[in-house]
Amino acid sequence: MNEIVVGVDGSDESRDALGWAVEEGRLRHVPVRAIHAWELPLIPTGVGLVPPAPDVVAELTSLAEGAQRLVATVVETVVGDAQDVAVDAVAIEGKPSQVLLDAAEEDAQMIVVGSRGHGGFTALLIGSVSEQVARHAPCPVVVHRRRREA
């Protein structure tokens, strides 16, 4: 078990979770993999949700590049140029909870997620990604709660 996997969606909660994971990586002397999962948007139709047309799928490259920029920017903002722990910023297409679970299967000591991200139900104490990861993870999970300002 050689890394800490942390979910990053750009929210303040995920930034705090990344900061916690980096500190834990320092203490354990293991690298951190910051992962931003992104999904192809689905188009609502009269028969349900369908993937976009092939000409729209051509824009996947720009979606992937934007997702990679987001996670790289968050890592740079939170970690800066600290060199005492290696932090890899990765964007992966897929459902966020599944992407994190798959990454943890590879070689993770733990998964770290924020208690809430950019989901729509802000009244919930724990987000759906956090809940799914906690239920199905192959390793320990830390659901990091953001500190409240006094």
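The structure under discussion appears in the preceding block.
Nothing here was measured: the structure is a model prediction, and the numbers come from that model.

The rules behind each value
Residues numbered from 1 in each chain as written. Predicted model: local features only at pLDDT ≥ 70, side-chain atom pairs only at ≥ 80, totals over all residues. Heavy atoms only, no water. Helix = DSSP H or I, 4+ residues; strand = E, 2+ residues; numbered from the N terminus. Buried < 20%, exposed > 50% of the residue type's maximum accessible area, 1.4 Å probe, protein only. Contact = heavy atoms within 4.5 Å. Areas by Shrake-Rupley, 256 points an atom, 1.4 Å probe, with all protein chains shown as cover. Pairing = 2+ DSSP bridges. Right-handed = clockwise from strand over helix to strand, strands pointing away. Core = buried A, V, L, I, M, F, W, Y, C linked by side-chain atoms within 4.5 Å. Axes fitted to C-alpha atoms, helices over the stretch in contact; angles between N-to-C directions. Left-handed = near helix turned anticlockwise from the far one by under 90°. Nonpolar A, V, L, I, M, F, W, Y, C, P; charged D, E, K, R; others polar.

## A short note on the overall build of the protein
Each helix and strand counted, the protein has five helices and seven strands in total. Moving toward the C terminus, one meets the helices and strands of the protein in the order β-α-β-β-β-α-α-β-α-β-α-β. With 150 residues in all, the protein has 36% of them scored as buried. Intrachain contacts of the protein at a sequence separation of at least 6 include 74% that bridge at least 24 residues. Summed over all atoms, the accessible surface of the protein reaches about 8,800 Å², with 54% contributed by carbon and sulfur.

## What about unusual backbone geometry?
Backbone geometry at His-29 places phi at a positive 60°, although glycine is not the residue there. When you line up the elements, His-29 lands in the loop between α1 (12-28) and β2 (32-38).

## Some thoughts on the pairing of β2
Where burial is concerned, most of β2 is hidden: seven out of the seven residues are buried. Residues of β2 alternate between two faces, with Val-32, Ala-34, His-36 and Trp-38 on one and Arg-33, Ile-35 and Ala-37 on the opposite face, all of them buried. As judged from the four bridges shared by strand β1 (residues 3-7) and β2, these two strands associate in the parallel manner. Bridge pairing links Val-6 to Ala-34 in β2. In this view, the connection linking β1 to its parallel neighbour β2 by way of α1 has right-handed handedness. In the sheet, β2 pairs with strand β5 (residues 87-93) via seven bridges, with the strands oriented parallel. Directly across from Arg-33, in β5, lies its bridge partner Asp-88.

## Section: the nonpolar core
Within the largest apolar cluster, 18 residues are counted, with the highest numbers of intra-cluster contacts made by Ile-4, Val-6, Leu-18, Val-32, Ala-34 and Val-112. Listing elements by their share of this core, those giving two or more residues are β1, α1, β2, α3 (60-79) and β6 (108-114). With residues near it in sequence (within four places) discarded, Leu-18 still touches Val-6, Val-8, Val-32, Ala-34, Val-74, Val-75 and Val-78. With 13 residues, the next largest nonpolar core counts Ile-35, Ala-37, Leu-101 and Ala-104 among its residues.

## Section: the packing of helix α4 (residues 96-107) against helix α5 (residues 128-136)
Taken N-terminus to C-terminus, the directions of α4 and α5 make an angle of 35°; their axes are 9 Å apart at the nearest point. By crossing handedness, the relation of α4 to α5 is classed as right-handed. Facing α4, whose interface residues are Pro-96, Ser-97, Leu-100 and Leu-101, α5 presents Val-129, Gln-132, Val-133 and His-136. In terms of residue class, the contact of α4 with α5 is made up of five nonpolar, three polar and no charged.

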